[in-house]
Amino acid sequence: MPSSVKRAANAPAKPNDLGAHFMPFTAQRQFKGKPRMIVSAKGMYCTSDDGRQILDASAGMWCMNAGHCHPKIVAAIQKQAADLDYAPNFSYGHPVAFQAASRLCAEMPGDIDHVFFSNSGSEAVDTAIKIAIAYQRARGKGTKTKIIGRERGYHGVNIAGISVGGLGYNRKVFSAALMPGVDHIPHTHNLEKQAFSKLQPEWGAHLADELENRILLHDAETIAAVIIEPVAGSTGVLVPPKGYLEKIRAICTKHDILLIFDEVITAWGRLGKATAAEYFNIMPDIITSAKGINGGTVPMGATFIRKGIYDAFMQGGEYGVEFMHGYTYSGHPLACAAALATLEVYKEEKLFENAAELEKKWSDALHTLKGAPHVIDIRAIGLMGAVELDPGTRNPPQEMSRAMETFDKLFFDEGIMMRFTGNVMAMSPPLIVNENQIDEIVTKLGKTLKTVK
Ligand SMILES: Cc1ncc(COP(=O)(O)O)c(C=O)c1O
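Worth saying up front: this structure is predicted, and the values here are computed from it rather than measured. (Residues numbered from 1 in each chain as written. Predicted model: local features only at pLDDT ≥ 70, side-chain atom pairs only at ≥ 80, totals over all residues. Heavy atoms only, no water.)

A. Structural context of the overall build of the chain. Along the backbone of the chain there are 16 helices and 15 strands. Scaling as 2.2 N^0.38, a compact globule of 453 residues should have a C-alpha radius of gyration of about 22 Å, and the chain matches this with 22 Å. If one aligns the C-alpha atoms of the chain with their principal axes, the spans along those axes are about 65 × 55 × 55 Å. Taken over 453 residues, the chain has a buried fraction of 54%. Across the chain, every contact between residues at least 6 apart in sequence was considered, and the portion connecting residues at least 24 apart equals 72%. Taking the average location of the 48 positive side-chain charges in the chain and that of its 48 negative ones, the two points are 5 Å from each other. (Helix = DSSP H or I, 4+ residues; strand = E, 2+ residues; numbered from the N terminus. Rg over C-alpha atoms; globule rule 2.2 N^0.38 Å. Buried < 20%, exposed > 50% of the residue type's maximum accessible area, 1.4 Å probe, protein only. Contact = heavy atoms within 4.5 Å. Lys, Arg positive; Asp, Glu negative; His and termini not counted. Charge placed at Lys NZ, Arg CZ, Asp CG, Glu CD.)

In structure tokens:
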């Protein structure tokens with residue numbers, strides 16, 4: 001239909017009218033030609049529109065940590081929607097936001113004692129950056145405004161997130177609009193030195209020293225914070241080399257710079273603990289979270305801060321707003337009710353413990369794919385996993401990459417939902433996964449790779 005011809009507002013959508021939806025991060029024309037459509041889900045499985053059971057090897061998008069449609073979480077959301085669908089959190093409050101804040105902070109490591117709610121990982125990152133800059137100013141260090149990110153870092157899609165993020169293809173169209181006052185340290189991935197490492201690679205801790213060089217270049221008095229993912233997720237599960245995070249922490253402390261861990265993927269059991277900070281035993285100053293915070297059921301982001309940061313804001317006249325920031329849906333009742341119920345499920349069903357117990361099985365199973373066609377690296381930690389493929393001579397986007405073909409075939413031919421990012425097949429099953437399902441995921445990935453030229 002030409003765009004000048006308007007359909008009547010109440011006209012029913014055609015059964016297969018896929019036109020209007022401008023889809024996020026999708027090759028739209030490819031998708032709309034052959035849609036991968038999910039119509040319902042339960043536990044480890046989604047159901048496709050042609051009635052097939054699809055085993056979820058990616059927890060949706062790293063978020064359905066308690067599995068799909070958990071009855072306890074569904075009931076909590078339904079009850080909350082019936083009791084209080086919405087109340088503002090600007091100068092009003094509702095109990096469930098306060099309950100969620102205290103319960104979630106109690107799960108955080110060290111002296112984290114406050115949380116600021118938002119609606120996504122991207123917003124949690126923007127909030128963290130604003131808190132870092134405002135905190136430095138509040139404590140009399142107003143020149144500390146720059147943020148150091150890392151190459152191959154993914155921090156969502158808002159302007160701050162893509163600025164501190166380190167993905168050229170996410171930034172290039174917007175390069176003129178990026179945030180000023182940002183620099184990056186190198187990523188830690190090196191196939192020559194690290195390929196097929198089990199858990200943390202031995203090589204690469206020295207790359208943290210690049211942070212010292214950046215600080216030398218800019219001067220510590222101009223830097224508010226460093227932001228990194230403890231394990232880079234969306235750019236292909238890049239596991240930190242042994243000793244690397246320790247060095248980053250020490251350098252930040254030495255130069256009085258805040259360390260932000262972006263834990264949008266790694267928090268809430270992905271590594272078998274509430275946070276990667278706990279897994280690696282490194283204490284950041286700010287932790288960003290989303291996704292697994294409420295099992296991916298209702299949009300929610302959260303920025304957790306250490307003791308003292310909140311207090312620094314509590315100055316000036318008591319009728320003044322201490323932090324000029326917030327979203328209409330910050331601390332939305334449905335999101336908070338879902339978070340409280342999800343936390344109970346994590347505890348009652350010992351899901352973090354399940355992830356920790358399965359870490360070795362998961363890693364061993366994935367490493368059996370060494371030698372499978374096109375496989376040039378395998379990485380696994382907690383219940384995150386990546387199989388990196390040799391791109392060969394394919395020429396995307398004119399041609400389908402090997403990774404995209406694998407992803408497509410897994411869905412249609414093998415009933416597996418998995419992610420691909422660049423040349424990497426990325427996996428993160430719900431924490432309810434069992435050993436048989438791990439074997440099924442790995443076997444079907446291996447089988448599919450044999451069909452890819
Ligand atoms: C580390 C990290 N930060 C931020 C984000 C952005 O989260 P969202 O897509 O909810 O905005 C993501 C999303 O995958 C992420 O992995």
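From this point, the discussion proceeds with the structure in view.
B. The packing of helix H4 (residues 95–107) against helix H13 (residues 333–348), seen in detail. In the contact formed by H4 and H13, the axes pass within 9 Å of each other and the chain directions differ by 35 degrees. Here H4 and H13 pass one another in a crossing that is left-handed. Within the contact between the two elements, H4 uses Val96, Ala97, Gln99, Ala100, Arg103, Leu104 and Glu107 and H13 uses Pro333, Cys336, Ala337, Ala339, Leu340, Leu343 and Lys347. Across the contact of H4 with H13, the residue classes break down as ten nonpolar, one polar and three charged. (Axes fitted to C-alpha atoms, helices over the stretch in contact; angles between N-to-C directions. Left-handed = near helix turned anticlockwise from the far one by under 90°. Nonpolar A, V, L, I, M, F, W, Y, C, P; charged D, E, K, R; others polar.)

C. Broad picture of the site of the ligand. Within the structure, the ligand sits among Ser120, Gly121, Ser122, Tyr154, His155, Gly156, Glu229, Ser234, Asp262, Val264, Ile265 and Lys291. Split into classes, the residues belonging to the shell around the ligand amount to three nonpolar, six polar and three charged. (Near = heavy atom within 4 Å.)

D. Representation of the packing of aromatic side chains. Following the criterion strictly, the structure yields nine aromatic pairs and no others. On the basis of an interplanar angle of 65 degrees and a centroid distance of 6.5 Å, the ring pair of phenylalanine 25 and tyrosine 154 is categorised as edge-to-face. Here phenylalanine 25 is found in the segment before helix H1 (28–33), whereas its partner tyrosine 154 is found in the loop between strand S5 (146–150) and helix H6 (159–164), with 129 residues between them in sequence. A centroid spacing of 4.9 Å and a plane angle of 45 degrees characterise the contact between tyrosine 346 and phenylalanine 352, whose relative ring orientation is tilted. Pair check on accessibility: tyrosine 346 and phenylalanine 352 agree, each one buried. Here the aromatic residues Phe116, Phe313 and Phe323 are joined through ring pairs into a cluster of three or more. Above the face of the phenylalanine 411 ring, arginine 52 is positioned so that its terminal group lies 5.2 Å from the ring centre. (Phe/Tyr/Trp six-rings, centres within 6.5 Å; stacked < 30°, edge-to-face > 60°. Lys NZ or Arg CZ within 6 Å of the ring centre and 35° of its normal.)

E. Seen up close, the nonpolar core. Ranked by internal contacts, the top residues of the largest apolar core, which has 100 residues, are Trp268, Phe304, Val387 and Met425. One finds Ala225, Ile227, Leu258 and Ala312 within the second-largest nonpolar core, a separate group that totals 21 residues. (Core = buried A, V, L, I, M, F, W, Y, C linked by side-chain atoms within 4.5 Å.)

F. How the structure looks around the domain arrangement of the chain. If you check the domain split of the chain, you get domain 1 (22–70 + 350–449) and domain 2 (73–348). The straight-line distance from the C-alpha centre of domain 1 to that of domain 2 is 25 Å. Opposite the 39 residues of domain 1 that make contact, domain 2 presents 42 residues. For the pair domain 1 and domain 2, the summed buried area comes to about 3,300 Å², and 63% of that belongs to carbon and sulfur atoms. Area buried by domain 1 at its contact with domain 2 is led by Trp62, Phe352 and Ile381, which between them contribute 22% of it. Run the count over domain 1 and domain 2 and you get zero salt bridges. Here domain 1 and domain 2 share 19 residue pairs in polar contact (both at pLDDT 80 or more) between them. Sorting the residues of the side of domain 1 that touches domain 2 by element identifies helix H2 (59–62), helix H14 (351–367), strand S11 (375–381) and strand S12 (384–389) as the ones contributing at least two each. Ranked by the residues each element gives to the side of domain 1 that touches domain 2, the list is headed by H14, at eight residues. In the side of domain 1 that touches domain 2, the residues fall into 24 nonpolar, eight polar and seven charged. (Domains from an automatic or database assignment. Buried area = accessible area lost by both parts, 1.4 Å probe. Salt bridge = Lys/Arg side-chain N within 4 Å of Asp/Glu carboxyl O. Polar contact = N/O pair within 3.5 Å; in protein donor to acceptor, adjacent residues only side chain to side chain.)

G. Region of the structure containing the pairing of strand S10 (residues 301–306). In terms of residue burial, S10 counts as a mostly covered element, since five of its six residues are buried. Across six bridges, the pairing between strand S4 (residues 112–118) and S10 is antiparallel. The partner of histidine 114 across the bridge, within S10, is isoleucine 305. Note that strand S9 (residues 286–289) and S10 share four bridges and pair antiparallel. Counterpart to threonine 288 in the pairing with S10 is threonine 303. (Pairing = 2+ DSSP bridges.)

H. Structural view of the environment of alanine 205. Its location among the elements puts alanine 205 in the loop between helix H8 (191–194) and helix H9 (209–218). Sequence separation between alanine 205 and serine 122 is 83 residues, and the spatial gap between their C-alpha atoms is 28 Å. Sequence-distant contacts of alanine 205, defined by excluding residues within four places in its chain, comprise Pro241, Lys242, Gly243, Tyr244 and Lys247.

I. Region of interest: the sheet that holds S11. The strand order across the open sheet built from four strands is S11-S12-S15-S14, with neighbouring strands paired in antiparallel fashion. Strands at the two margins of the open sheet, each flanked by one partner only, are S11 and strand S14 (419–421). Across the sheet, the axes of successive neighbouring strands diverge by a mean angle of 20 degrees, strand direction being ignored. Sheet contacts for H14: S11, S12 and strand S15 (424–427); angle to S11, the most-contacted strand, approximately 175 degrees.

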